[in-house]
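Below, each chain spelled out in residue letters.
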Amino acid sequence: MKHFIDISDYSNDVIKALIMSAHQLKKDNYRGKELNNKTVGLIFEKPSLRTRVSFEMAIHHLGGHCITLQQDEIQLGKRESIDDVATVLSRYIDMVMIRTFEHNYITQFAKRASISVINGLTDLSHPCQALADALTIYEHFNRLEDIKVTYLGDDNNVSRSLAEVCLATGMICTISSPKQSNKPLTGVHYEADPKQAIEQADVIYTDTWVSMGAKTDESLLDQLQPYQLNETLLQSAPKTAIIMHCLPAHRDEEITDAVLTGPQSKVFDQAENRYHAQKALLVFLSHL
Ligand code: CP
Ligand code: NVA
């Protein structure tokens, strides 16, 4: 296995080891030479702040060089076939991260590439985010086993990878969404009532109601209103629960400003942890 496409592609032990390694690298403020004389490509077919900057910094701090390619540059599958892009890039660079639309663009790319491919978000999943999320939860609770994580709102790429990291690490995941999941995961709890879903939660997580590249569905937005993470809803949760959001946030849509920036919020630790988690991932992949 040389790629990192989904959390569920790896054994629970590998995922737990990655999270622990990220925790250690963060404590050590680690700088290394794992990517010395290596080049990592970062392909973005959607916008990014955190993923781009945290990857660039992690690559730099491991002695590597990166080439960032933005939306209009490669146009995977449009200007050139995915197979040809994968073959050509494999001749130039040592590793590639891709943020794109359809998940099968990445799996197809990975099949053809002879270099490691990292999923930097697709319409289906966001595994790098999930590693950082688990690190953030671990830092707060000093364990992952039995931590109750409730995801509220649009059941999307972020909730999918969050659920997968919960399954891998012994956390108990509940998804509370008006949408019926089209790909339910075995072992994940689905609870449509948001109050009930957060009653026992240690972690309450939400994300945008309209993901990048998705069409705005007004009727879904109406159905999502009761899932807004606001101070009233939060009264149904334990006071000790932490608030998470992968960012970017849409204040006063899926979450209110007061909750996003309130005392229970861990969202900026979570954003910082993208860097530490990806540094651990890059070290791991560099040894394969
Ligand atoms: N959370 C996250 O992936 O942020 P960006 O879209 O800014 O990379
Ligand atoms: N679900 C969001 C996550 C952004 C980091 C999206 O795909 O746009």
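Shown above is the structure to which this text applies.
Fair warning: this is a prediction, and the values are worked out from it, not measured in the lab. (Residues numbered from 1 in each chain as written. Chains lettered and ligands numbered in written order. Predicted model: local features only at pLDDT ≥ 70, side-chain atom pairs only at ≥ 80, totals over all residues. Heavy atoms only, no water.)

Engineer: Can you tell me about the overall build of the protein chain, naming the residues and giving the values?
Structural biologist: Secondary structure summary: the protein chain contains 12 helices and 9 strands in total. Relative to its length of 288 residues, the protein chain is compact, with a C-alpha radius of gyration of 18 Å against a globular reference of 19 Å. Once the C-alpha set of the protein chain is aligned to its principal axes, its extents read approximately 55 × 40 × 35 Å. When each of the 288 residues of the protein chain is scored for burial, the buried share is 56%. (Helix = DSSP H or I, 4+ residues; strand = E, 2+ residues; numbered from the N terminus. Rg over C-alpha atoms; globule rule 2.2 N^0.38 Å. Buried < 20%, exposed > 50% of the residue type's maximum accessible area, 1.4 Å probe, protein only.)

Engineer: So what's going on with the environment of Lys239? Which residues, and what values?
Structural biologist: Assignment of secondary structure puts Lys239 in the loop between helix H10 (231–234) and strand S9 (242–245). In this structure the C-alpha to C-alpha distance between Lys239 and Ile137, which are 102 residues apart in sequence, comes to 16 Å.

Engineer: If you had to explain the site of ligand 1 to someone new, which residues and values would you point to?
Structural biologist: Ligand 1 sits among Ser48, Leu49, Arg50, Thr51, Arg99, His126, Gln129, Cys246, Leu247 and Arg274. Here Arg50 contributes a side-chain N or O atom positioned 2.8 Å from an oxygen atom of ligand 1. Between ligand 1 and Arg99 there is a distance of 2.8 Å, counted from an oxygen atom to a side-chain nitrogen or oxygen. Bound to the protein, ligand 1 loses 96% of the 250 Å² it would expose on its own. According to the grid-proximity analysis, the pocket containing ligand 1 is the second largest pocket. Across the shell around ligand 1, the residue classes tally to 3 nonpolar, 4 polar and 3 charged. (Near = heavy atom within 4 Å. Polar contact = N/O pair within 3.5 Å; in protein donor to acceptor, adjacent residues only side chain to side chain. Areas by Shrake-Rupley, 256 points an atom, 1.4 Å probe, with all protein chains shown as cover. 1 Å grid on protein atoms, 1.4 Å probe; cavity = no way out; pocket = protein on both sides within 12 Å on 5 of 7 lines; lining within 4 Å. Sits in = over half its atoms within 2 Å of the grid points. Nonpolar A, V, L, I, M, F, W, Y, C, P; charged D, E, K, R; others polar.)

Engineer: Pulling in residues and values, what's your account of the nonpolar core?
Structural biologist: Counting 55 residues, the largest nonpolar core has Phe4, Ile15, Ile118, Leu131, Ile137, Met171 and Leu282 as its most contacted members. If you tally residues by element for this core, the top one is helix H6 (residues 127–141), at 9 residues. Those residues in contact with Leu131 that lie beyond four places of it in its chain are Phe4, Ile7, Ile15, Leu18, Ile19, Ala277 and Leu281. Membership of the second largest hydrophobic core comes to 18 residues, among which are Ile5, Ile74, Ile82 and Ala113. (Core = buried A, V, L, I, M, F, W, Y, C linked by side-chain atoms within 4.5 Å. Contact = heavy atoms within 4.5 Å.)

Engineer: Can you break down the pattern of salt bridges residue by residue, with the values?
Structural biologist: In the structure shown here, the tally under the stated rule is 8 salt bridges. With a shortest N-O distance of 2.6 Å, Lys46 and Asp123 are connected by a salt bridge. With Lys46 in the loop between strand S1 (39–44) and helix H2 (50–61) and Asp123 in the loop between strand S4 (116–119) and H6, the pair connects residues that are 77 residues apart, well separated along the chain. Judged by its relative accessible area of 2%, Lys46 is buried. Among the charged side chains, a network of salt bridges with common partners joins Lys26, Glu139 and Glu272. (Salt bridge = Lys/Arg side-chain N within 4 Å of Asp/Glu carboxyl O.)

Engineer: Provide a residue-level description of the pairing of strand S2 (residues 65–69), including the pertinent values.
Structural biologist: By the bridge criterion, 5 bridges tie S1 to S2 in an arrangement that is parallel. Of the residues in S2, the one forming a bridge with Leu42 is Thr68. Taken together, S1, H2 and S2 form a β-α-β motif whose crossover is right-handed. (Pairing = 2+ DSSP bridges. Right-handed = clockwise from strand over helix to strand, strands pointing away.)

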